[in-house]
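Descriptive structure summary
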Amino acid sequence: MTRKTKSGNAYTPITPKKSIDDVPKCSKNTVFSLLTILLLISVSTYLYMSDSENTLKNSNISSKYLKQKIGSSHGVDNYCTVTSDEYKFDCFPRGKADKESCEKRNCCWSPNTQNSQIPWCYYSSNYSNYKVINVTESRTEITAFFNIKTNTIYKNDLKVLCMDISFQTAQRLRVKIYDPENKRYEPPYPEVPILKLNNTNEPLVSDYIVKLSDNNVGFAILRKIDNLTIFDTRNIGGFIYSDQFIQLSALLPTKYIYGLGEHRSSLVLDMNWKTYTFFNHDSVPTNDMNGYGSHPFYLMIEKSGKSHGVFLFNSNAMDIVLQPTPAITYRTIGGILDFYYFMGPTPSDVISQYTDTIGRSFLPSYWTLGFHICRYGQTFKELINVHNRTVSAGIPWDTHWNDIDYMKNGNDFTLSDNFTNLPKYVNYLHEVGMHNVILLDPGVASRESKGSYPPYDDGLKNGVFIKNSSGLPLEGQVWNLDGGTVFPDFTHPKSIDYWINQISNFHNILPFDGLWIDMNEPSNFINGDWEDCISTNSSRWENPQYTPNVAGGKLNYKTICMSVIQYAGLHYDLHNIYGFSEAITTQFALSVIKNSRPLVISRSSFSGLGHFAGHWTGDVFSTWDDMKQSITDIMLFNMFGVPLVGADICGFNDNTTVELCSRWSQLGAFYPFSRNHNSLGSVDQDPVALGPLVIESAKKALLIRYSLLPYLYSLFWRAHIYGETVARPLFFEYPNDNCTYSIDTQFLWGSALLISPVLKEDQVDVDIYLPNDLWYDYYSKKCIQSNGSIFTVEAPSDTIPLKIRGGYILPIQDPATTTTNSRKNSFGLLVTPNKFKEAFGYLFWDDGDSLNVWENGLYNEIHFKLNNTILLNEVITNNYSDEKTILQNITIFGIHNEPKNIQVNGATYSNFYYNKTEEVLYFLTLNLDLNIVFNITWT
């Protein structure tokens, strides 16, 4: 064990005089009195030493400030700074400020009539409410105590703080700031594994350096290899830690920041004094409004091309402000500050490290990756008509969904009189290898006659509904026609059996295959409850001193009361994970009932959702702009660890058009989750309903999708095991090409397939960016050697441009109109050599539906390699044999000269075809078992 002391704002090893174990440390299980904390000053062998000169010297902002003394407050000199506007951090985020009210906050006043976004009231450079009283350090962690020295205008400032900095892995660092005297709320989900570097005498190997401020709650994280400061809270902004207002600001190294969802935003986030609000809310996706989910995580590209990520593990309502410094400010109204830093260094590494923390995404059933059709506002007869015309048109299709129309009176777990034959239809779908998913809201009807509606009676008996201050179930209203809705508390232990029983009982009536959980922010058609959330002390929770910039201006707008009680605490704290807790319970219930991989698609989300469920982007409009926005949305949710994501193809709200739906059907065929769905009152928009162009576009694109399903399924396996993305931005593969950083009109499947949809009306070609690489056209097979340029490519009205990157081998399968039948067909390989005439690929294969196939080893993993004129496979795992995996066809692109002396496993082979115009070599009817090693050569 080593002890380190502070020297010039860095840490150097010294010989310990006393074991670190002899000094009390912060942990959530340790409670300190203020006296104990203060006594540490005299008993600790390590006192924090001042390094203000070096802190200022190393700070990113030192050159920006000229200090000017303007006064003092509470006996502490206060300095305002004459500085560039972008370094002003807002000291008056709510209300109307003037000079007097600003200076009462111990802040600086400087009106700016030229730009209203720039704060007039801002923090001084030496603003500080806490002072250091003790710091101890071991090889794998730093622990610091702080004592308050100045109260703020916010109520109940915490008197003592503890900061634990733990070096969890070489690439992962945790900084936790909390109250060591009183246990505060921390999110129960996701369950983050506790990691710590081995505390041995071996040299510490990590990618980061931590530096602390001299005498306040400030720290900086640096990348060790280039000494770049990636997150610096020292001497900037106004650190505040009160009971219901916690604020921390940090300087950032660049403006290339991604994430911070769910919001309608550009791919690269706007840093021009932009506020992003995190409070799950039911509203159509709208600019500058909090969305359905909360993901307080961002990824940033540094000037070197390296990337890092930052996650604040806090589920309370919050605002995050980005400003052009570049800098970030967090303002949350509860919980604690619990930061995780991921050092990458590639974008893919960052996401892998992030999902290792919040949970890897689940492996979906194979049928889930087929095409889905749904609509809201449909009779049973109309449902059958959609089925018949889609099948007759030969459009690949796997799953028919049911929106709320199937319910009686809008009640969960019921069938309306118009849908009494739905169970027979679902059984028929199963007979032909298709599937069914139904919508399920969390709200349970509460005003049905006693004894007539078991979901309410059983929940009341078991006490699983969220309760108001009187101990009675809180009642709001959602879709239930009888006017009352109660909400299960999915943090309650009894909710698990309750939810399993309700789903199981209904599954015995209607044998659905998956559940679509909607309205689970939770949504409410009234504000709070029927009693206006009136209870003792409710104002503190319903109207806190600081309310983030939420839709409607108050926390209970179109949701339930913040002051109501759940098993795990106040809804005020738990609101953003309500839908997440429902997804966890629903996923488990389906696993038990079906004994196969569950499909759960959730609207509400929080960090970690992807471990249990997928997501669709909600009630988007049938517009070209919303279609374009969907590309950013699916790329961001892949960064959030939710790869099974898609938008409603052709749009949900309003009427689509033939051309829009044609192009959207092409794009939607390449969403990881591909579903056509629209709203009550809109025209039918299933492909056949809109005529020949949409039929042809959908059919052509979906046949390509179905042929590529082995590749897509293998990408989901990589996401499940390694935390990779399925759909990803170009900069993930080309982080040193800054031309890719803001591209939000193209995306990749994995590393190999580039999708470049048409996103504007009346276009039959599209300009696309191709990074420095070899790119092969999917249709013509022609090769382009790009040096990082924009190319205009043809895009006929029924065709989406596709390119395959050189250096990859994609497993494919002859497509059928269902995944069930596609899986019975033979396999092929698409081989696209790079400039070194090399290529690599892989196939993951199992039964497509069983639970725990990876854990039980019941799968096949096969790698493919091309080296000049030798193509072979490598069987890594071969434990699944229920289906034959026969390789019949191979297509090798970029063969400039006609091959000769072709051999397969040492024998001369003649059933091939070389297309000189395409420069493509085709192998036909090979009849090779993929699970047996093969070797193909030519000269």
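Scroll up to find the structure.
Figured I'd write up the structure that's included with this text. (Residues numbered from 1 in each chain as written. Predicted model: local features only at pLDDT ≥ 70, side-chain atom pairs only at ≥ 80, totals over all residues. Heavy atoms only, no water.)

Counting secondary structure elements, the chain contains 17 helices and 56 strands. Taking 30 Å as the expected radius of gyration for a compact globule of 939 residues, we find that the chain reaches 29 Å, a close match to that expectation. Expressed as lengths along the three principal axes of its C-alpha atoms, the size of the chain is roughly 90 × 75 × 55 Å. Sorting the 939 residues of the chain into buried and exposed places 64% on the buried side. Taking the contacts inside the chain whose residues are at least 6 apart along the sequence as the reference set, 70% of them involve residues at least 24 apart. Total accessible area computed for the chain in this model is approximately 33,700 Å², and 49% of it derives from carbon and sulfur atoms. Across the chain, the centroid of the 76 positively charged side chains sits 7 Å from that of the 94 negatively charged ones. (Helix = DSSP H or I, 4+ residues; strand = E, 2+ residues; numbered from the N terminus. Rg over C-alpha atoms; globule rule 2.2 N^0.38 Å. Buried < 20%, exposed > 50% of the residue type's maximum accessible area, 1.4 Å probe, protein only. Contact = heavy atoms within 4.5 Å. Areas by Shrake-Rupley, 256 points an atom, 1.4 Å probe, with all protein chains shown as cover. Lys, Arg positive; Asp, Glu negative; His and termini not counted. Charge placed at Lys NZ, Arg CZ, Asp CG, Glu CD.)

Attention now goes to the state of the cysteines. Here the structure, examined in full by the defined rule, presents five disulfides. Here Cys-374 is not disulfide-linked; the sulfur of Cys-650 is the nearest cysteine sulfur, at 13 Å. (Disulfide = S-S within 2.5 Å.)

Aromatic ring pairs are described here by two measures, namely the spacing of the ring centres and the angle between the planes. As enumerated under the stated definition, the model contains 63 aromatic pairs in all. Judged by centre distance (6.2 Å) and plane angle (25 degrees), the rings of Phe-311 and Tyr-340 are stacked. Remark: Tyr-340 occurs in strand β22 (residues 337–342) and Phe-311 occurs in strand β19 (residues 307–312); sequence separation between them is 29 residues. Judged by relative accessible area, which is 0%, Phe-311 ranks as buried. Given a relative accessible area of 2%, Tyr-340 falls into the buried group. Here Phe-413 and Trp-499 contribute two aromatic rings whose centre-to-centre distance is 5.7 Å and whose plane-to-plane angle is 80 degrees, an arrangement assigned as edge-to-face. One end of the pair, Phe-413, is in the loop between β24 (399–402) and α6 (422–431); the other, Trp-499, is in helix α8 (residues 494–507), and 86 residues separate them in sequence. A relative accessible area of 12% means that Phe-413 is categorised as buried. (Phe/Tyr/Trp six-rings, centres within 6.5 Å; stacked < 30°, edge-to-face > 60°.)

Bringing helix α4 (residues 347–358) into the picture now. What sets the pattern is the α-helix's 3.6 residues per turn: residues three or four places apart point alike. An ideal rise of 1.5 Å per residue puts 16 Å on twelve residues; α4 measures up with 17 Å between its terminal C-alpha atoms. Across the twelve residues of α4, nine count as buried, placing the element largely inside the fold. Taken together, the buried positions of α4 are occupied by Pro-347, Val-350, Ile-351, Ser-352, Gln-353, Tyr-354, Thr-355, Thr-357 and Ile-358. For α4, the elements touching its buried residues are β10 (172–178), β18 (293–301), β19, β22, α12 (624–639) and α15 (709–722). Positive backbone phi, at 115 degrees, marks Gly-359, one or two positions downstream of α4. (Expected span 1.5 Å × (residues − 1).)

Contact geometry for α12 and helix α13 (residues 658–668): axes closest at 10 Å, N-to-C directions at 5 degrees. The angle between the axes of α12 and α13 places the two elements in the roughly parallel class. Facing Trp-624, Asp-626, Met-627, Ser-630 and Ile-631 of α12, the residues of α13 in contact are Glu-659, Leu-660, Arg-663, Trp-664 and Leu-667. Taken together, the residues that form the contact of α12 with α13 break down as six nonpolar, one polar and three charged. (Axes fitted to C-alpha atoms, helices over the stretch in contact; angles between N-to-C directions. Parallel < 35°, antiparallel > 145°, perpendicular 65-115°, else oblique. Nonpolar A, V, L, I, M, F, W, Y, C, P; charged D, E, K, R; others polar.)

Scanning the model with the defined rule gives 35 salt bridges in all. With a closest N to O distance of 2.8 Å, Asp-243 and Arg-184 form a salt bridge. Of this pair, Asp-243 sits in the loop between β14 (240–241) and β15 (246–251) while Arg-184 sits in the loop between β10 and β11 (208–212), and the two are 59 residues apart along the sequence. According to the relative accessible area criterion, Asp-243 is buried, its value standing at 17%. The partner of Arg-805 in a salt bridge is Glu-733, with the nearest N and O atoms 2.8 Å apart. Remark: Glu-733 occurs in the loop between β37 (727–728) and β38 (747–749) and Arg-805 occurs in strand β44 (residues 802–805); sequence separation between them is 72 residues. You'll find Arg-805 and Glu-733 in the same group, each marked buried. Overlapping salt bridges, with partners in common, bring together Asp-282, Asp-518, Glu-521, Arg-603 and Asp-619 in one network. (Salt bridge = Lys/Arg side-chain N within 4 Å of Asp/Glu carboxyl O.)

For the rest of this paragraph, the subject is the sheet that holds strand β35 (residues 648–649). Ordered by their spatial adjacency, nine strands build an open sheet running β34-β33-β31-β28-β25-β24-β23-β36-β35, and the pairing between neighbours is parallel. Edge positions in the sheet fall to β34 (645–646) and β35, since each of these pairs with one other strand and no more. As defined by bridge partners, strand β28 (residues 514–517) adjoins strand β31 (residues 599–602) across four bridges and the pair is classed as parallel. Counted as the bridge partner of Leu-515 is Val-600 from β31. (Pairing = 2+ DSSP bridges.)

Turning to the sheet that holds strand β42 (residues 783–786), a few remarks are in order. The antiparallel open sheet is built from six strands, whose spatial order is β37-β38-β39-β44-β41-β42. Bordering the open sheet on either side are β37 and β42, each of which pairs with just one other strand. Two elements, β37 and β38, share two bridges in a ladder whose sense is antiparallel. Opposite Arg-728, over in β38, you have Leu-748 as the bridge partner.

So, about the environment of Tyr-330. By the secondary structure assignment, Tyr-330 is in strand β21 (residues 327–332). Accessibility expressed as a relative area gives 2% for Tyr-330, which makes it buried. The contact partners of Tyr-330, leaving out residues within four places of it in the chain, are Phe-231, Ile-246, Gln-247, Leu-248, Tyr-298, Val-310, Leu-312, Asp-319, Ile-320 and Phe-339.

Where burial is concerned, most of strand β50 (residues 886–892) is hidden: five out of the seven residues are buried. Pairing between strand β46 (residues 827–832) and β50: five bridges, direction parallel. Directly across from Leu-829, in β50, lies its bridge partner Ile-890. Inspection of the sheet shows β50 paired to strand β55 (residues 928–929) by two bridges, in the antiparallel sense. Pairing of Ile-886 across the sheet is with Asp-929, part of β55. Looking at chain direction, β50 and strand β54 (residues 920–923) are connected through three bridges and run antiparallel. Its bridge partner being in β54, Ile-890 is matched across the sheet by Phe-923.

Quick look at the pairing of strand β49 (residues 870–878) now. Direction of pairing for strand β48 (residues 860–867) relative to β49: antiparallel, over a ladder of eight bridges. Bridge pairing in β49 places Ile-862 opposite Val-875. A loop of two residues connects β48 with β49, the two strands running antiparallel in sequence, and Asn-868 in this loop sits at a positive phi of about 60 degrees. When β49 meets strand β56 (residues 935–937), the two strands line up antiparallel, connected through three bridges. Following the sheet pairing, Leu-871 is matched in β56 by Ile-936.

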